[in-house]
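# Summary of structural features
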Amino acid sequence: MLVPIIIVLIVALIIIAVWVSAVQQHKEKQEAERRKELAKQKRIIEESEDVIVNSSNIPMSEFMIQVLQRRVHDALAVMVELSPTSRELKNRLHESKERMNSTPENANNSDNLSLPDNDKQLIALVQGIKKLRGVLRSEHSKGKVETQKFVAEDRRLEKLQLKINVESQIKRGVAARTANMVGSARQYFEKAYATICAVTYSDEYVTNKKQLLESYLNEISNELKASNESSVKQKKEQEQDDLDVLFAPKKKW
């Protein structure tokens, strides 16, 4: 009678040990997933806040700042749900909600853009706009941005990218032309012209820049043509001078 009881107890202990191990593994898995999600939301917050802080370098509309602020708020809300005992997260969520309800201070609905002279700053500016467009697409795909507003804001950012690209190439082309580097100037203008011709829409800016670049390219073409004609003429004159010397009557001494 004792042996069956011992066997039953052993089996029960094994079952309990397996169950406890399974529960522990499940808890560890849940904790790992929680930490992973917290890290993901933290990255979203840091990325969004970094863009907002650097908004002075990019003409950012009030709508775009609101999208970023709401993105921060939603990420904090998820973090509070995952860590309900964290006072710090709750305070940050409250502050984020207040910012959402206030008028953005750094909003700039103007598309006027001052290009930096430094190439690194120019690259950072382009990357910043690309990041904004990526955030906008992400929020639209989640259903947090209306399609009509998404299209309008994405087009605005697309035009800013176009201006940066075209204006920087024109600026370099003008500088090269001033330095009598006509070949380099033509390359910069041709690159800008190809970019402006590749857009799928037309507005006053596109039309004006096309005309300006066509004017620059025509002027350079005429300059190069005149330079080539001058070179050919000089070469012929030099050849003629050489022939005159060769066949000139020999002097008698």
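Keep in mind the model is a prediction, meaning the values are calculated, not measured. (Residues numbered from 1 in each chain as written. Predicted model: local features only at pLDDT ≥ 70, side-chain atom pairs only at ≥ 80, totals over all residues. Heavy atoms only, no water.)

### Remarks on unusual backbone geometry
Threshold: Each helix is a run of H or I in the DSSP string that is no shorter than four residues. Each strand is a run of E no shorter than two, and both are numbered from the N terminus. Here the term buried applies to any residue with accessible area under 20% of the maximum for its type, exposed to any over 50%, and partly exposed to those in between, with areas from a 1.4 Å probe on protein chains only.
Look at asparagine 180: it is not a glycine, yet its phi comes out positive at around 65 degrees. Summarising the element assignment, asparagine 180 is placed in the loop between helix H5 (147-178) and helix H6 (182-197). Classification of asparagine 180 as exposed rests on a relative accessible area of 66%.

### Notes on the pattern of salt bridges
In a structure, side chains of opposite charge can pair up when their charged atoms sit close to one another. Where we set the bar: Whenever a carboxyl oxygen of Asp or Glu lies within 4 Å of a side-chain nitrogen of Lys or Arg, that contact is scored as a salt bridge.
Scanning the model with the defined rule gives 14 salt bridges in all. One salt bridge connects glutamate 49 with arginine 92, and the closest N-O pair in it is separated by 3.4 Å. Of this pair, glutamate 49 sits in helix H1 (residues 2-53) while arginine 92 sits in helix H3 (residues 87-100), placing them 43 residues apart in sequence. Look at arginine 92 and you get partly exposed, because its relative accessible area is 30%. The partner of lysine 142 in a salt bridge is glutamate 139, and the shortest N-O contact between them spans 3.5 Å. On the basis of relative accessibility, which here comes to 46%, the residue lysine 142 falls in the partly exposed class. Through salt bridges that share partners, Glu47, Arg71, Glu139 and Lys142 make up one connected network.

### Section: H6
The periodicity of an α-helix, 3.6 residues per turn, causes residues three or four places apart in sequence to face the same way. Defined as follows: To estimate the expected span of a helix, subtract one from its residue number and multiply by 1.5 Å. The directions considered for the arc run from the helix axis to the C-beta atoms.
Taking 1.5 Å as the rise per residue, H6 with 16 residues should run 22 Å; its terminal C-alpha atoms sit 22 Å apart, in good agreement. Residues Ala185, Phe189, Ala192 and Ile196 constitute the buried set of H6. Around the axis of H6, the buried residues are gathered within 60 degrees of arc, so they sit on the same side.

### Side note on the UniProt feature "coiled-coil region" (unreviewed entry) in the protein chain
The criterion, for reference: UniProt positions are given in the numbering used here, feature names are shortened, and annotations may be inferred rather than shown by experiment.
This chain's UniProt record puts "coiled-coil region" (unreviewed entry) on residues 22-49. For residues 22-49, the end-to-end C-alpha separation is 40 Å, with 100% helix and 0% strand making up the annotated structure.

### Description of a nonpolar patch on the surface
Cut-off, in case you're wondering: Exposure above 30% relative accessible area and the lack of any salt bridge qualify a residue for a patch; like charges then connect within 9 Å, and the nonpolar side chains Val, Leu, Ile, Met, Phe, Trp and Tyr within 5 Å. Here the Shrake-Rupley method, with its probe set to 1.4 Å, supplies the accessible areas, and only the displayed protein chains count as covering residues.
A grouping of Leu2, Ile6, Ile10, Ile14 and Val18 is seen on the molecular surface, where their side chains present a nonpolar patch of about 480 Å² in accessible area. By the secondary structure assignment, valine 18 is in helix H1. By relative accessible area, which is 55% here, valine 18 ends up exposed.

### A look at the packing of aromatic side chains
Filter applied, for reference: A pair of aromatic rings is counted whenever rings of Phe, Tyr or Trp (Trp by its six-membered ring) have centres within 6.5 Å, and the orientation is called stacked for planes under 30 degrees apart, edge-to-face for over 60 and tilted otherwise. Our definition puts a charge over a ring when NZ of Lys or CZ of Arg is within 6 Å of the ring centre and also within 35 degrees of the ring normal.
By the definition in use, this model includes 1 aromatic pair. Relative to tyrosine 216, the ring of phenylalanine 189 has its centre 4.6 Å away and its plane inclined at 20 degrees; by these criteria the two rings are stacked. Taken together, the residues span a long stretch of sequence, with phenylalanine 189 in helix H6 and tyrosine 216 in helix H7 (residues 204-247) at a distance of 27 residues. Per residue, the accessibility class of phenylalanine 189 equals that of tyrosine 216, and both read buried. Between the NZ or CZ atom of lysine 163 and the centre of the ring of tyrosine 205, over which it lies, the distance is 5.3 Å.

### Side note on the packing of helix H2 (residues 62-82) against H3
This is how it is decided: All axes are obtained by fitting lines to C-alpha atoms, using only the stretch in contact for helices, and the reported angles, taken between N-to-C directions, cover 0 to 180 degrees. Roughly parallel covers angles under 35 degrees, roughly antiparallel covers those over 145, roughly perpendicular covers 65 to 115, and oblique covers all other angles. By convention, the crossing between two helices is left-handed when the near helix turns anticlockwise from the far helix through less than a right angle, and right-handed when the turn is clockwise. In what follows, residue pairs with any heavy atoms lying within 4.5 Å of each other are defined as contacts.
Interhelical geometry of H2 versus H3 gives an angle of 155 degrees and a closest axis separation of 9 Å. Relative to H3, the element H2 is oriented roughly antiparallel. Here H2 and H3 pass one another in a crossing that is left-handed. Only Leu89, Lys90, Arg92, Leu93, Ser96, Lys97, Arg99 and Met100 of H3 make contact with H2, whose side of the interface consists of Gln69, Arg70, Val72, His73, Leu76, Ala77, Met79 and Val80.

### Points about the nonpolar core
Inclusion rule: The set of buried Ala, Val, Leu, Ile, Met, Phe, Trp, Tyr and Cys residues whose side-chain atoms join them within 4.5 Å is what this entry labels a nonpolar core.
Core analysis: the largest hydrophobic core is formed by 20 residues, its most contacted members being Met60, Met64, Leu68, Leu132 and Leu157. Listed by contribution, the elements that provide at least two residues to this core are H1, H2, helix H4 (119-141) and H5. The element contributing the most residues to this core is H4, with 6 residues. Once residues within four sequence positions are removed from consideration, leucine 157 is found in contact with Met64, Ile129, Leu132, Arg133 and Leu136.

### Some words on the environment of valine 51
With respect to the secondary-structure elements, valine 51 resides in helix H1. Spatially, the C-alpha atom of valine 51 lies 8.4 Å from that of lysine 131, the residues being 80 residues apart in sequence. Once residues lying within four places of it in the same chain are set aside, the contact partners of valine 51 are Met60, Leu68, Lys131 and Leu132.

### Focus: H4
In a regular helix each residue adds 1.5 Å, so 23 residues correspond to 33 Å; H4 covers 33 Å between its end C-alpha atoms and thus fits that length. Residues of H4 that are buried: Leu122, Leu125, Gly128, Ile129, Leu132, Arg133, Val135, Leu136 and Glu139. Its buried side turned inward, H4 meets H1, H2 and H5.

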